[in-house]
Amino acid sequence: MKRRDFLYLSAMGAGAMAMPGLPAFAREIDPLEALQEGIDVKLKKQLADVALNAARAKGATYADIRIGRYLRQTVAARDNRVLGVSNSESFGVGIRVIANGCWGFAATNKVTKDDIAKAAEKAVAVAKANARISGAPVQLAPQKGYGEVSWKTPIVTNAFEVPIKDKLDLILAVNAAALAGGASFVNSNIGAINEQKYFASTDGSYIDQDVHRISPGFNVTKTDRTAGVFVNRGALSMPMGMGYEYLDARPSDKVQSVITLYKNRYDIMEDVKNAVKDLDQKMKAKSVEPGKYDLVLDPSHLWLTIHESVGHPTELDRVLGYEANYAGTSFLTLDKWQSKKFNFGNNLVNFVADKTQPGSLGAVGYDDEGVKCGKWDLIKDGILVNYQAIRDQAHIIGLNASQGCCYADDWSSVQFQRMPNVSLQPGKTKLGVNEMIKNVEKGIYIIGDGSYSIDQQRYNFQFSGQNFYEIRNGQIVGMIKDMAYQANTREFWNSVAAICDESDYRLGGSFSDGKGQPGQSSSVSHGSSTTRVNGVNVINTARKIG
């Protein structure tokens with residue numbers, strides 16, 4: 001063992017301090033510690049073989065191990081002061097096995113050969129104990145071993161290498177610009193994640209991955225103390241599977257609409273200045289008149305509707321009722337898929353699951369079961385054609401292999417089915433946003449995400465947004481406010497009238513999508529082009545009954 005690796009293992013094995021909002025074994029670290037190299041990949045393989053051999057020796061028919069180092073950093077500011085800086089590291093080993101036809105799992109933050117062997121033996125003991133009360137044995141889809149392979153997010157600048165001072169200077173400058181522009185309050189932050197994950201299994205895979213994600217943002221508020229009202233606007237940034245280069249926007253990354261929007265990269269200073277101008281318009285905006293409208297939905301808004309009404313209901317564990325307590329099950333029951341003719345939407349609607357899209361939050365080379373990631377149809381020409389399934393679910397829907405969408409948010413968490421990137425495919429006919437708006441007689445153009453509500457079957461929903469622009473006779477006539485729309489999933493996606501072409505396609509997403517018990521958090525993107533949905537019910541959120 002190299003001296004560096006010995007010192008590293010000794011330090012990590014000394015224990016970890018639990019922090020609010022962090023994995024149980026995460027510890028606060030100096031930012032410079034995040035730049036230290038992890039243990040050598042050859043040592044990881046040696047440790048992995050210890051676990052796999054120990055598990056087989058105790059009777060496991062299958063075993064996998066994840067050696068994970070999870071780095072998380074957040075810097076935040078409110079108005080002209082720093083709110084906080086957090087740097088955490090979580091390092092340890094999770095071991096999963098099948099013995100007597102049942103799953104078992106154990107984890108340890110003591111990364112030594114002896115402790116890893118003990119954890120593997122414990123995982124087998126757990127599996128055998130579970131087998132006494134379990135039903136049908138686990139059916140694991142076959143998976144070839146890939147040998148020794150690696151994958152890394154193709155970043156330009158590692159966010160953890162950018163000095164904390166530079167990040168604080170940036171968000172304090174953002175806040176200063178907002179306050180100078182007339183905002184009453186402003187919050188800003190930059191979050192970064194680096195997952196250094198090593199996976200090995202008895203299938204013969206040894207997979208080393210280095211995954212990066214970033215999420216900058218702000219929220220500006222303006223108050224009218226005389227009237228007792230306030231308005232706010234959040235950033236039009238999106239969390240991305242990128243490095244710090246995301247904050248270096250080029251002219252080609254800017255989309256000119258009623259306000260400047262962004263694709264691929266983001267200009268936070270420009271956006272905050274525009275946000276303050278939007279607040280003035282919001283203060284003066286008229287309240288929406290309830291009724292039926294044609295909606296023109298920007299990708300910065302539509303991603304959340306996709307996430308809640310398409311991404312979650314096509315998760316197979318929700319469909320089967322395995323996942324229920326955390327945000328419900330799904331109306332997309334197996335009989336609807338089996339019919340091969342269930343109209344989820346009309347023939348313009350095509351949703352694809354994709355774990356490979358560059359820049360997306362869900363992009364990795366291999367999932368946490370060692371399955372090479374890919375792309376597949378969920379909704380094809382409006383018809384439900386598939387779900388999201390992992391190795392022990394594949395046989396339920398007649399698949400011979402997993403779709404590669406298994407994930408754990410930490411080495412101490414059990415991996416399970418998590419949503420891949422789920423995206424609405426662009427229209428095939430050339431169509432821009434301005435042309436789309438020209439054909440709308442009575443409508444609303446919505447930019448940015450807002451509050452939402454959806455039922456436990458992922459069917460009836462309500463969504464709001466950031467900016468709302470009234471469309472009358474093909475023209476944007478001004479900003480309106482107090483607006484949300486209501487529909488059910490099938491009604492909504494069967495009312496799609498047009499989708500802009502690929503040139504307008506952009507990603508949105510969630511940096512922390514929750515699921516499971518105990519709860520886990522994952523990051524996932526949803527792409528789309530601007531989409532028109534006709535005849536949607538709009539309510540006025542400011543009106544009260546009585």
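Up top you'll find the structure we're talking about.
Report on the accompanying structure. All figures in this text were calculated on a predicted structure; none of them were measured in a lab.

**A few points about unusual backbone geometry**
Part 1 of the reasoning: For the bond from glutamine 517 to proline 518, the omega torsion is -5°, close enough to zero to count as cis.
Part 2 of the reasoning: Looking at the element boundaries, proline 518 is found in the loop between strand 24 (506-515) and strand 25 (520-528).
Part 3 of the reasoning: One non-glycine residue, asparagine 100, lies in the positive phi region at around 55°.
Part 4 of the reasoning: Of note, asparagine 100 is situated in the loop between strand 3 (81-99) and strand 4 (102-108).
Part 5 of the reasoning: By relative accessible area, asparagine 100 is classed as exposed at 54%.
Part 6 of the reasoning: Positive phi values are uncommon outside glycine, yet aspartate 381 reaches one of about 50°.
Part 7 of the reasoning: Here aspartate 381 is to be found in the loop between strand 14 (375-380) and strand 15 (383-384).
Part 8 of the reasoning: Take aspartate 381: its relative accessible area is 38%, and that puts it in the partly exposed class.

**Here we look at the pairing of strand 4**
Part 1 of the reasoning: The element strand 4 is largely enclosed, with a buried count of 6 among its 7 residues.
Part 2 of the reasoning: Counted between consecutive antiparallel strands, the loop separating strand 3 from strand 4 contains 2 residues, among which asparagine 100 sits at a positive phi close to 55°.

**Regarding the packing of aromatic side chains**
Part 1 of the reasoning: For the structure shown, the criterion picks out 16 aromatic pairs.
Part 2 of the reasoning: With a centroid separation of 5.5 Å and 75° between ring planes, the pair formed by phenylalanine 461 and phenylalanine 492 is classed as edge-to-face. Here phenylalanine 461, found in strand 20 (residues 460-472), pairs with phenylalanine 492, found in helix 10 (residues 489-493); they are 31 residues apart in sequence, far enough to count as distant.
Part 3 of the reasoning: Geometrically, the ring pair formed by tyrosine 485 and phenylalanine 492 is stacked, given 5.8 Å between the ring centres and 5° between the ring planes. Taken individually, tyrosine 485 and phenylalanine 492 each receive the classification buried, so the pair is uniform in this respect.
Part 4 of the reasoning: One aromatic cluster in this structure is built from Phe331, Phe344, Phe351, Tyr452, Tyr459, Phe461, Phe463, Tyr485, Phe492 and Trp493.
Part 5 of the reasoning: Seen from the ring of tyrosine 206, lysine 45 lies directly overhead, with NZ or CZ sitting 4.4 Å from the centre.
Part 6 of the reasoning: In this structure, lysine 442 is placed above the aromatic ring of tyrosine 293, and the distance from its NZ or CZ to the ring centre is 4.6 Å.

**Some points on the nonpolar core**
Part 1 of the reasoning: Counting 88 residues, the largest nonpolar core has Leu295, Phe351, Ile444, Tyr485 and Trp493 as the members making the most contacts within it.
Part 2 of the reasoning: Considering each element in turn, this core owes the most residues, 6 residues, to helix 4 (residues 164-180).
Part 3 of the reasoning: Apart from the residues within four sequence positions on either side, phenylalanine 351 is in contact with Ile306, Val310, Phe344, Asp377, Leu378, Ile379, Val422, Ser423, Leu424 and Trp493.
Part 4 of the reasoning: The next biggest cluster of nonpolar side chains, apart from the first, holds 29 residues, and it includes Ala48, Val97, Ala120 and Tyr198.

**Some details on helix 2 (residues 41-57)**
Part 1 of the reasoning: With 17 residues, helix 2 should reach 24 Å at 1.5 Å per residue; the first-to-last C-alpha distance of 24 Å fits that figure.
Part 2 of the reasoning: Residues of helix 2 that are buried include every one of Leu43, Lys44, Leu47, Ala48, Ala51, Leu52, Ala54 and Ala55, and no others.
Part 3 of the reasoning: Capping of helix 2 at its N-terminal end is provided by aspartate 40; its side-chain oxygen lies 2.8 Å from the backbone amide nitrogen of lysine 42.
Part 4 of the reasoning: Glycine 59, located one to two residues past helix 2, shows a positive phi value of around 110°.

**Remarks on the environment of phenylalanine 463**
Part 1 of the reasoning: Here phenylalanine 463 shows up in strand 20.
Part 2 of the reasoning: Here phenylalanine 463 falls in the buried class, since its relative accessible area comes to 1%.
Part 3 of the reasoning: For the pair phenylalanine 463 and asparagine 386, spaced 77 residues apart in the sequence, the C-alpha separation amounts to 26 Å.
Part 4 of the reasoning: Those residues in contact with phenylalanine 463, other than ones at most four positions away along the chain, are His301, Leu304, Thr305, Glu308, Ser451, Tyr452, Ala484 and Tyr485.

**Quick notes on the pattern of salt bridges**
Part 1 of the reasoning: Counted according to the given criterion, the structure contains 30 salt bridges.
Part 2 of the reasoning: Between lysine 165 and aspartate 169 there is a salt bridge whose closest N-O contact spans 2.8 Å. A residue pair is termed a helical-turn pair when its members lie 3 or 4 positions apart in one helix, as lysine 165 and aspartate 169 do in helix 4 at 4 residues.
Part 3 of the reasoning: On the accessibility criterion, aspartate 169 (39% relative accessible area) is partly exposed.
Part 4 of the reasoning: Where aspartate 271 meets arginine 233, a salt bridge forms, and the shortest distance between an N and an O atom there is 3.0 Å. Here arginine 233 lies in strand 8 (residues 229-234) and aspartate 271 lies in helix 5 (residues 268-284), a separation of 38 residues in the sequence. Side by side, aspartate 271 and arginine 233 carry an identical accessibility label, which is buried.
Part 5 of the reasoning: Within the structure, one salt-bridge network assembled from shared partners comprises Arg27, Glu33, Arg69 and Glu89.

**As for empty space enclosed by the protein**
Part 1 of the reasoning: Following the criterion strictly, the structure yields 6 cavities of 30 Å³ or more and no others.
Part 2 of the reasoning: Considered as a void within the structure, the largest cavity measures approximately 140 Å³ in volume.
Part 3 of the reasoning: Lining the largest cavity are 14 residues, with Leu236, Met238, Tyr262, Arg506 and Leu507 sitting closest to its centre.
Part 4 of the reasoning: Of the residues belonging to the lining of the largest cavity, the class tally is 8 nonpolar, 2 polar and 4 charged.
Part 5 of the reasoning: Here the second largest cavity is characterised by a volume of approximately 80 Å³.
Part 6 of the reasoning: In terms of lining, the second largest cavity is formed by Lys197, Arg213, Lys355, Leu361, Gly362, Val364, Tyr407, Arg418, Met419, Ser522 and Ser523.

**Brief notes about the pairing of strand 21 (residues 475-481)**
Part 1 of the reasoning: In terms of strand pairing, strand 11 (residues 286-287) meets strand 21 through 2 bridges, oriented parallel. When the sheet's bridge partners are listed, serine 287 is paired in strand 21 with lysine 481.
Part 2 of the reasoning: Relative to strand 21, strand 20 runs antiparallel, the two sharing 5 bridges. Each bridged residue has a counterpart across the sheet, and for phenylalanine 468 the counterpart in strand 21 is isoleucine 480.

**Focus on the packing of helix 4 against helix 5**
Part 1 of the reasoning: Running from N to C, helix 4 and helix 5 cross one another at 25°; their axes reach a closest spacing of 9 Å. As summarised for this structure, helix 4 and helix 5 are arranged roughly parallel, according to the angle between their axes. The handedness of the crossing between helix 4 and helix 5 comes out as right-handed. On the side of helix 4, the interface is formed by Leu170, Ala173, Val174, Ala177 and Ala178, while helix 5 contributes Ile268, Met269, Val272, Lys273 and Val276.
Part 2 of the reasoning: The class makeup of the residues in the contact of helix 4 with helix 5 is 9 nonpolar, no polar and 1 charged.

So, how was this worked out
- Residues numbered from 1 in each chain as written.
- Predicted model: local features only at pLDDT ≥ 70, side-chain atom pairs only at ≥ 80, totals over all residues.
- Heavy atoms only, no water.
- Helix = DSSP H or I, 4+ residues; strand = E, 2+ residues; numbered from the N terminus.
- Buried < 20%, exposed > 50% of the residue type's maximum accessible area, 1.4 Å probe, protein only.
- Pairing = 2+ DSSP bridges.
- Phe/Tyr/Trp six-rings, centres within 6.5 Å; stacked < 30°, edge-to-face > 60°.
- Lys NZ or Arg CZ within 6 Å of the ring centre and 35° of its normal.
- Core = buried A, V, L, I, M, F, W, Y, C linked by side-chain atoms within 4.5 Å.
- Contact = heavy atoms within 4.5 Å.
- Expected span 1.5 Å × (residues − 1).
- Polar contact = N/O pair within 3.5 Å; in protein donor to acceptor, adjacent residues only side chain to side chain.
- Salt bridge = Lys/Arg side-chain N within 4 Å of Asp/Glu carboxyl O.
- 1 Å grid on protein atoms, 1.4 Å probe; cavity = no way out; pocket = protein on both sides within 12 Å on 5 of 7 lines; lining within 4 Å.
- Points joined across faces, edges and corners; volume = space filled by probe spheres on them.
- Nonpolar A, V, L, I, M, F, W, Y, C, P; charged D, E, K, R; others polar.
- Axes fitted to C-alpha atoms, helices over the stretch in contact; angles between N-to-C directions.
- Parallel < 35°, antiparallel > 145°, perpendicular 65-115°, else oblique.
- Left-handed = near helix turned anticlockwise from the far one by under 90°.

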